[in-house]
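Here's the letter readout for the chains.
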Amino acid sequence: MSAVDFLAKEKIWFDKPRYDEAERRFYEHMNGSPQPTKDAGANTILQDIARARENIQKSLAGLKTTLCNRGSAQPPISQHSQLSTGSSISSSSADHGELVSRVKSLELENQSLHKVVENLRAALSKLECRVAVLEKSPAAVSQASAPAPSVPYTNGTAVQQKTSTPAKEEEEEDDDDIDLFGSDEDEEAEKLKEQRLKEYAEKKAKKPAIIAKSSILLDVKPWDDETDMAKLEECVRSVQADGLLWGTSKLVPVGYGIKKLQIACVVEDDKVGTDMLEEEITKFEDYVQSVDVAAFNKI
């Protein structure tokens with residue numbers, strides 16, 4: 001509640017100063033002791049104060065009338081009503097949240113029930129299929145469980161009945177068709193088969209075999225910077241073997257004025273290996289300190 005509303009509803013005696021002034025003058029008049037000593041300045045101040053009070057009273061009266069009119073149009077909301085509305089809003093929001101949670105739980109239950117129903121339907125369809133298969137099979141089962149035919153007896157001895165099956169008859173017919181001495185057609189088929197095998201072997205022998213080759217890059221290091229690198233390269237290239245072909249070479253600086261010989265070669269994997277090359281090159285102990293494989297690639 002604002003200060004203006006409070007002042008409008010309170011009962012204040014705004015005219016008290018006027019009544020006090022009138023009472024003072026009345027007693028002065030009755031006592032016969034007026035105070036003519038007041039100067040004109042004090043009278044003007046009192047008049048200004050009285051005018052200000054009158055203006056305040058008029059403004060408050062107008063404000064009071066406007067507030068009364070508004071109050072008649074829309075009654076003011078009390079603090080108790082505000083609290084009641086706030087509590088009702090909070091309770092309604094709590095009820096709404098509870099309803100939402102219940103709806104979500106019901107939806108989850110509905111989904112789980114749908115899954116259970118689908119599983120039951122699948123199981124039921126499987127059972128129906130199995131029942132249909134079992135209904136079709138009783139005829140075969142009855143044939144299998146049928147009793148064996150009775151064997152007649154004559155003079156206390158059982159007489160064996162002849163039972164012939166189509167399979168036995170076919171075997172007998174095949175035995176009759178066997179030619180123990182062979183035929184000319186079989187000999188011709190064997191000769192043709194041998195001829196074709198021989199031609200295939202010849203064609204396979206004529207095809208060139210694939211030779212596996214590799215490209216190797218070797219690093220040959222000398223003992224010091226005074227080693228004759230031309231002589232070292234000559235020694236390396238003097239290593240010859242079947243399936244070995246030397247390629248390009250170059251000198252690569254290592255440090256402190258020392259250079260190493262980097263030389264490439266192509267070898268056949270079945271004939272030449274890296275171990276053999278290292279052994280042959282390191283035999284030149286006067287020039288070669290070590291041999292390393294810098295690169296090894298299949299061709």
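Residues numbered from 1 in each chain as written. Predicted model: local features only at pLDDT ≥ 70, side-chain atom pairs only at ≥ 80, totals over all residues. Heavy atoms only, no water.

Database annotation for the protein chain, UniProt heading Sequence similarities (unreviewed entry): "Belongs to the EF-1-beta/EF-1-delta family." (UniProt positions renumbered as here; feature names shortened; annotations may be inferred.)

Caption draft 1: Local environment of the overall build of the protein chain. Each helix and strand counted, the protein chain has nine helices and six strands in total. Partitioning the contacts of the protein chain with sequence separation of at least 6, the portion at a separation of at least 24 is 66%. With the model as given, the accessible surface of the protein chain reaches about 25200 Å², and the carbon-plus-sulfur share is 56%. (Helix = DSSP H or I, 4+ residues; strand = E, 2+ residues; numbered from the N terminus. Contact = heavy atoms within 4.5 Å. Areas by Shrake-Rupley, 256 points an atom, 1.4 Å probe, with all protein chains shown as cover.)

Caption draft 2: Local environment of the nonpolar core. Residues Leu218, Val220, Val236, Leu244, Trp246, Leu277 and Ile281 are the most contacted members of the largest nonpolar core, which totals 18 residues. When contributions to this core are tallied by element, the ones reaching two or more residues are β3 (213-221), α8 (229-237), β4 (244-255), β5 (258-268) and α9 (274-281). The leading source of residues in this core is β5, at four residues. (Core = buried A, V, L, I, M, F, W, Y, C linked by side-chain atoms within 4.5 Å. Buried < 20%, exposed > 50% of the residue type's maximum accessible area, 1.4 Å probe, protein only.)

Caption draft 3: Spatial organisation of a nonpolar patch on the surface. Taken together, the side chains of Phe26, Tyr27 and Met30 make up a nonpolar region of the molecular surface, amounting to roughly 360 Å² of accessible area. Relative to the assigned elements, Phe26 resides in helix α2 (residues 16-31). Classification of Phe26 by relative accessible area gives partly exposed; the value is 48%. (Patch = residues over 30% accessible without salt bridge, like charges linked within 9 Å, V, L, I, M, F, W, Y side chains within 5 Å. Salt bridge = Lys/Arg side-chain N within 4 Å of Asp/Glu carboxyl O.)

Caption draft 4: Region of interest: the sheet that holds strand β6 (residues 290-298). Spatial strand order, β4-β5-β3-β6: four strands in an open sheet with antiparallel pairing. Whereas interior strands pair on both sides, the edge strands pair on one side only; in this sheet they are β4 and β6. The mean angle between the axes of side-by-side strands here comes to 20 degrees, regardless of whether they run parallel or antiparallel. Packing of α8 onto the sheet brings it into contact with β3, β4 and β5, and relative to β5 it is tilted by some 15 degrees. (Pairing = 2+ DSSP bridges. Axes fitted to C-alpha atoms, helices over the stretch in contact; angles between N-to-C directions.)

Caption draft 5: Molecular detail of the pairing of β4. Across nine bridges, β4 lies against β5 in antiparallel orientation. Residue pairing in the sheet places Leu244 in a bridge with Val267 of β5. The turn linking β4 back onto β5 is made up of two residues, and Tyr256 within it adopts a positive phi angle of 60 degrees.

Caption draft 6: Local environment of unusual backbone geometry. With a phi angle near 60 degrees, Tyr256 is a residue other than glycine that sits in the positive phi range. Along the chain, the position of Tyr256 falls in the loop between β4 and β5.

Caption draft 7: Inspection of the packing of aromatic side chains at higher detail. Counted under the stated rule, the structure contains one aromatic pair. Arranged with centres 5.7 Å apart and planes meeting at 70 degrees, the rings of Phe26 and Tyr27 form a pair that is edge-to-face. (Phe/Tyr/Trp six-rings, centres within 6.5 Å; stacked < 30°, edge-to-face > 60°.)

Caption draft 8: Expanded view of the UniProt feature "coiled-coil region" (unreviewed entry) in the protein chain. Under the UniProt annotation, "coiled-coil region" (unreviewed entry) lies at residues 103-137. The straight-line gap between the two end C-alpha atoms of residues 103-137 is 52 Å; of that span, 97% is helix and 0% is strand.

Caption draft 9: Summary view of the environment of Leu244. With respect to the helices, strands and loops of the structure, Leu244 is situated in strand β4. Using a relative accessible area of 9% as the deciding quantity, one classes Leu244 as buried. Considering only alpha carbons, one finds Leu244 and Glu268, 24 residues apart in sequence, at a separation of 6.8 Å. If we skip the residues at most four places from it in the chain, Leu244 touches Val239, Cys265, Val266, Val267, Val272 and Leu277.

Caption draft 10: Structural detail: a negative patch on the surface. Residues Glu185, Asp186, Glu187, Glu188, Glu190 and Glu194 make up a contiguous surface patch of negative charge. With respect to the helices and strands, Glu185 occurs in helix α7 (residues 184-206). For Glu185, a relative accessible area of 63% puts it in the exposed group. (Lys, Arg positive; Asp, Glu negative; His and termini not counted. Charge placed at Lys NZ, Arg CZ, Asp CG, Glu CD.)

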